[in-house]
Amino acid sequence: MQSTCVLLLACDGVIPRFDYALFADTGWEPRKVYENLARLRVHAEQAGIPVRTVSAGNIRTDALDPEHRFVSMPLHVLNADGSRGLARRQCTSEYKVIPLKKAARHLLGCPHPGRIPRGVYVEQAIGISTDEFTRAKDSGVKYLRNVFPLIELGWDRAACAEYLAERGFGNTVRSACVGCPFHGNAGWRWIRDNDPDGWREAVEFDKAIRHGYPRATEQGQKLRGQYFLHRSCQPLDQVDLDPPAAATKRHLRLVAADPAEDADPDGCSPWSCRSGAPVTAERAA
């Protein structure tokens, strides 16, 4: 939502117009995200802003390919002793940060491993609003400077939603991989009810990674414990995703926020993955 808002603000001239808009595609977004992207592409190009897609491949296909280099997603782990953990996360770096850095270098005319002249850089606007300002991160390289227009404008998520509705983009959905382990029940429920193909793929993927990724298994590196997409460490198609029952009129209950229900209030974007930890590329772009 916030990224769409930033692009529309640039199209409307509220903030400086961009030379390019880049979409880092993991290859496994909900169908409605791609529909929104297609509509945005037409709208932005009418305003003189070309929209380009950058990609390192399809994260779902790559994870299940025994021939592909192993890249870890933050899967939920159920250890043999009953304890739980979270697998290491490389996906944001591999499928978002690195492709965007590579694209920035090409736009500057200095693809890797060429040296970028001192003082030459790309200014990159990222859609992070004031209610999530702690997710705003530096790029980690001198040739790419992150800026955050929504924070500068003082806009929160609600302000973005209002602006999107005014501009005819009120149905914009958040961008995040269909099979992201950071989904809460609300996120999984949305996929189940609104993207049946995505839900089927997520259920199949969840079963396929139960004992580790094919690449690691074939190399004799069987991962410990069992692996799941849902934080409950249960098979995805067996989890009760129904929302908590509403309080009746006769009873007033005070209920603490349920982390299993709303684990993913924000979408996933480069340098601000919703796990909270800063994201840095592990190798040069």
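Before going into details, it helps to say that this report is about the structure given with it. It should be emphasised that the depicted structure is a prediction, and the values quoted were computed from it without experimental measurement.

**A word on the overall build of the chain**
- Each helix and strand counted, the chain has nine helices and seven strands in total.
- Burial statistics for the chain: of 285 residues in total, 46% are counted as buried.
- Within the chain, residue pairs in contact and separated by at least 24 positions form 68% of the contacts whose partners lie at least 6 positions apart.
- Summing over all exposed atoms, the chain offers an accessible surface of approximately 14,900 Å²; the carbon and sulfur share of this is 50%.

**Quick look at the packing of aromatic side chains**
- According to the stated counting rule, one finds three aromatic pairs in the structure shown.
- Ring centres of Phe-23 and Tyr-34 lie 6.5 Å apart, and the angle between their planes is 85°; on these two criteria the pair is classed as edge-to-face. With a gap of eleven residues between them, Phe-23 in strand S1 (residues 21–24) and Tyr-34 in helix H2 (residues 31–46) connect regions that are remote in the sequence.
- Owing to a relative accessible area of 13%, Phe-23 belongs among the buried residues under this scheme.

**A short note on unusual backbone geometry**
- Each neighbour pair has its own omega, and for His-112 with Pro-113 the value is 10°, a cis peptide bond.
- Mapped onto the secondary structure, Pro-113 falls in the loop between helix H4 (91–107) and strand S5 (122–125).

**A look at the nonpolar core**
- By size, the foremost hydrophobic cluster in this structure holds 27 residues, and its most contacted members are Leu-75, Trp-188 and Phe-205.
- Secondary structure elements with two or more residues in this core: helix H3 (59–64), H4, helix H7 (185–194) and helix H8 (196–208).
- With four residues, H8 is the largest single contributor of residues to this core.
- Excluding residues that lie within four positions of it along the chain, Leu-75 makes contacts with Gly-85, Leu-86, Ala-87, Pro-181, Ile-209, Tyr-213, Tyr-227, Phe-228 and Leu-229.
- Ranked by size, the runner-up nonpolar core spans 24 residues in total, among them Ala-10, Leu-40, Val-51 and Tyr-163.

**Quick word on the sheet that holds strand S4 (residues 84–86)**
- Read across the sheet, three strands follow the order S4-S3-S7 without closing on themselves; strand pairing throughout is antiparallel. Either end of the sheet is taken by a strand with one partner, and the two such strands are S4 and strand S7 (226–228). Averaged over all pairs of adjacent strands, the angle between strand axes in this sheet comes to 30°, irrespective of strand direction.
- As defined by bridge partners, strand S3 (residues 76–78) adjoins S7 across three bridges and the pair is classed as antiparallel. Looking at S7, one finds that Leu-78 is bridged to Gln-226.

**Brief notes about the pattern of salt bridges**
- Tallying each qualifying case throughout the model produces eight salt bridges.
- The partner of Arg-192 in a salt bridge is Asp-193, and the shortest N-O contact between them spans 2.9 Å.
- Under the relative-accessibility criterion, Arg-192 is labelled partly exposed at 29%.
- Two residues, Lys-207 and Asp-237, come together in a salt bridge whose shortest N-O distance is 3.6 Å. Taken as a pair, Lys-207 in helix H8 and Asp-237 in the segment after S7 lie far apart in primary sequence, 30 residues in all.
- Given the relative accessible area of 40%, Asp-237 is considered partly exposed.
- Here the salt bridges share partners, and the residues they tie into one network are Arg-60, Arg-200 and Glu-204.

**Observations concerning helix H6 (residues 157–166)**
- For H6, every residue scored as buried is listed here: Cys-160, Tyr-163 and Leu-164. Viewed along the axis of H6, the buried residues span an arc of 100°, placing them on a single side of the element. Along H6, the residues that are exposed and aim more than 90 degrees away from the buried face are Ala-158, Glu-162 and Glu-166.
- Turning to H6, the residues buried within the fold contact helix H1 (2–11) and helix H5 (149–153).
- The residue sitting at the N-terminus of H6 and contributing the capping side-chain oxygen is Asp-156; that oxygen lies 3.2 Å from the backbone nitrogen of Ala-158.

What counts as what
Residues numbered from 1 in each chain as written. Predicted model: local features only at pLDDT ≥ 70, side-chain atom pairs only at ≥ 80, totals over all residues. Heavy atoms only, no water. Helix = DSSP H or I, 4+ residues; strand = E, 2+ residues; numbered from the N terminus. Buried < 20%, exposed > 50% of the residue type's maximum accessible area, 1.4 Å probe, protein only. Contact = heavy atoms within 4.5 Å. Areas by Shrake-Rupley, 256 points an atom, 1.4 Å probe, with all protein chains shown as cover. Phe/Tyr/Trp six-rings, centres within 6.5 Å; stacked < 30°, edge-to-face > 60°. Core = buried A, V, L, I, M, F, W, Y, C linked by side-chain atoms within 4.5 Å. Pairing = 2+ DSSP bridges. Axes fitted to C-alpha atoms, helices over the stretch in contact; angles between N-to-C directions. Salt bridge = Lys/Arg side-chain N within 4 Å of Asp/Glu carboxyl O. Arc of directions from axis to C-beta. Polar contact = N/O pair within 3.5 Å; in protein donor to acceptor, adjacent residues only side chain to side chain.

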